[in-house]
Amino acid sequence: MLRKLGPWSVLKISFLFYLCVMVVIIGAMMILYAILGAIGSLDSLTRLIQDLFADQTFEIHGGWLFSRGLAIGLGLVVLWTLINVFVVFLYNLLSDVVGGIEVTLSERR
């Protein structure tokens with residue numbers, strides 16, 4: 001019977017999990033940005049936007065994009081970690097009422 005979950009352990013695991021997810025996503029974005037820059041897509045997009053909006057000062061700055069992406073990612077890591085801890089508190093309250101979740105384990109054959 002699973003009756004209680006420790007909020008502190010859920011906080012630690014959730015934080016590390018979401019931090020790893022953020023690192024993977026930011027890393028994938030950096031690789032995608034490098035590939036798009038290498039094949040010239042970023043320059044073409046910059047010229048297209050300059051022509052469409054008659055703004056010759058427009059540029060795509062990778063540093064600005066990734067610093068904002070990192071800030072948003074860290075904010076989301078904290079937000080989802082706190083949401084998980086809130087859900088654990090709700091589960092602990094509800095398990096007092098209904099008795100928890102019954103888990104049956106068996107051996108492999």
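Before reading on, note that the structure itself is shown above.
As the structure is a prediction and not an experimental result, all values here were calculated from the model.

(A) How the structure looks around unusual backbone geometry. Of note in this structure, Ala 54 is not a glycine but carries a positive phi near 50°. Tracing the sequence through the fold places Ala 54 in the loop between α2 (41-53) and α3 (62-98).

(B) Expanded view of the side chain of Thr 81. By the secondary structure assignment, Thr 81 is in helix α3. Judged by relative accessible area, which is 4%, Thr 81 ranks as buried. In contact with Thr 81, not counting residues within four places along its chain, are Leu 11, Ser 14, Phe 15 and Tyr 18.

(C) Quick peek at the side chain of Asn 92. Its place among the elements puts Asn 92 in helix α3. Using a relative accessible area of 9% as the deciding quantity, one classes Asn 92 as buried. Side-chain polar atoms of Asn 92 contact the backbone oxygen of Leu 5, separated by 2.9 Å. Those residues in contact with Asn 92 that sit more than four places away from it in its chain are Arg 3, Lys 4, Leu 5 and Pro 7.

(D) The arrangement of α3 in detail. Between its first and last C-alpha atoms α3 spans 52 Å; for 37 residues at 1.5 Å apiece the expected length is 54 Å, and the two agree. Three or more residues of α3 are buried, namely Gly 62, Phe 66, Gly 73, Val 77, Thr 81, Val 85, Val 88, Tyr 91, Asn 92 and Ser 95. Looking at the buried residues of α3, the elements they touch are α1 (7-39).

(E) The arrangement of the packing of aromatic side chains in detail. Tallying each qualifying case throughout the model produces two aromatic pairs. Judged by centre distance (5.2 Å) and plane angle (70°), the rings of Phe 17 and Tyr 18 are edge-to-face. Relative to Phe 66, the ring of Tyr 33 lies with its centre 5.5 Å away and its plane at 90°, an arrangement referred to as edge-to-face. You can see Tyr 33 sitting in helix α1 and its partner Phe 66 sitting in helix α3, a full 33 residues away along the chain.

(F) Geometry of a nonpolar patch on the surface. Together, Ile 72, Leu 76, Leu 79, Trp 80, Ile 83, Phe 86, Val 87, Leu 90 and Leu 93 make up a nonpolar patch on the protein surface, roughly 850 Å² of accessible area in all. Counting through the fold element by element, Leu 79 comes out in helix α3.

(G) Layout of the environment of Thr 57. Positionally, Thr 57 belongs in the loop between α2 and α3. Along the sequence, Thr 57 and Thr 46 sit 11 residues apart, while their C-alpha atoms lie 9.7 Å from each other.

(H) Highlighting the pattern of salt bridges. Tallying each qualifying case throughout the model produces one salt bridge. In this structure, Asp 96 and Lys 4 form a salt bridge, with 2.8 Å as the shortest nitrogen-oxygen distance. You can see Asp 96 sitting in helix α3 and its partner Lys 4 sitting in the segment before α1, a full 92 residues away along the chain.

Thresholds, definitions, all that
- Residues numbered from 1 in each chain as written.
- Predicted model: local features only at pLDDT ≥ 70, side-chain atom pairs only at ≥ 80, totals over all residues.
- Heavy atoms only, no water.
- Helix = DSSP H or I, 4+ residues; strand = E, 2+ residues; numbered from the N terminus.
- Buried < 20%, exposed > 50% of the residue type's maximum accessible area, 1.4 Å probe, protein only.
- Contact = heavy atoms within 4.5 Å.
- Polar contact = N/O pair within 3.5 Å; in protein donor to acceptor, adjacent residues only side chain to side chain.
- Expected span 1.5 Å × (residues − 1).
- Phe/Tyr/Trp six-rings, centres within 6.5 Å; stacked < 30°, edge-to-face > 60°.
- Patch = residues over 30% accessible without salt bridge, like charges linked within 9 Å, V, L, I, M, F, W, Y side chains within 5 Å.
- Areas by Shrake-Rupley, 256 points an atom, 1.4 Å probe, with all protein chains shown as cover.
- Salt bridge = Lys/Arg side-chain N within 4 Å of Asp/Glu carboxyl O.

Read these as geometric descriptors, not functional statements.
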